[in-house]
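# Close look at the chain arrangement
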Amino acid sequence: QVQLVESGGGLVQPGGSLRLSCAASGSGFTIYNMGWYRQAPGKQRELVATITDDGSTNYADSVKGRFTISRDNAKNTVYLQMNSLKPEDTAVYYCSSFQVASALPAYRYTSWGQGTQVTVSS
């Protein structure tokens, strides 16, 4: 049982910054990958950034150079630092994790957070 809770969303002006946080709670699991996805109204959910347990990162082309994903393994928390925000970044941002149950290694699953709204507007 892994639960994810996002925080840090809000309203920001173009060019501004926000930092999103996502904390994973529970026990008896090992998280390998964590990531951020976003979904704008009428659009499909898209991958924003991912990070592995050893720190390897991947970004969508649309956010490269502006967003930075990081994680604190001790806290089972992943962050998304968003700089130079644009109106097109407006979306609900979802945290995701991929983990394996310690007692049942064959049990691998993905968890999703409830989402946090990011609105970029002047």
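Higher on the page you've got the structure.
In this report, we go over the structure that sits alongside the text.

## What about the pattern of salt bridges?
If charged atoms from side chains of opposite charge come close, those side chains can pair. Per the counting criterion, the structure on display carries four salt bridges. Its salt-bridge partner being Arg 38, residue Glu 46 comes within 2.8 Å of it at the nearest N-O pair. In this structure, Arg 66 engages Asp 89 in a salt bridge whose closest nitrogen and oxygen atoms are separated by 2.7 Å. Here Arg 66 is found in the loop between strand E6 (57-59) and strand E7 (67-72), whereas its partner Asp 89 is found in the loop between strand E8 (77-82) and strand E9 (91-101), with 23 residues between them in sequence. Neither Arg 66 nor Asp 89 differs from the other in exposure class; each is buried. Through salt bridges that share partners, Arg 38, Glu 46, Arg 66 and Asp 89 make up one connected network.

## Describing the state of the cysteines
Per the stated rule, a full pass over the model turns up one disulfide. Two residues share a disulfide in this structure: Cys 22 and Cys 95, whose sulfurs sit 2.0 Å from each other. Linking Cys 22 and Cys 95, the disulfide has an S-S dihedral of approximately -80 degrees and is accordingly described as left-handed. With Cys 22 in strand E3 (residues 18-25) and Cys 95 in strand E9, this residue pair connects regions lying 73 residues apart in the sequence. Judged by its relative accessible area of 0%, Cys 22 falls in the buried class. Here Cys 95 falls in the buried class, since its relative accessible area comes to 0%.

## Digging into the environment of Val 5
With respect to the secondary-structure elements, Val 5 resides in strand E1 (residues 3-7). For Val 5, a relative accessible area of 48% puts it in the partly exposed group. Separated by 81 residues in the primary sequence, Val 5 and Lys 86 have C-alpha atoms spaced 24 Å apart. In contact with Val 5, other than residues within four places in its own chain, are Ser 21, Cys 22, Ala 23 and Gln 114.

What counts as what
Residues numbered from 1 in each chain as written. Predicted model: local features only at pLDDT ≥ 70, side-chain atom pairs only at ≥ 80, totals over all residues. Heavy atoms only, no water. Salt bridge = Lys/Arg side-chain N within 4 Å of Asp/Glu carboxyl O. Helix = DSSP H or I, 4+ residues; strand = E, 2+ residues; numbered from the N terminus. Buried < 20%, exposed > 50% of the residue type's maximum accessible area, 1.4 Å probe, protein only. Disulfide = S-S within 2.5 Å. Contact = heavy atoms within 4.5 Å.

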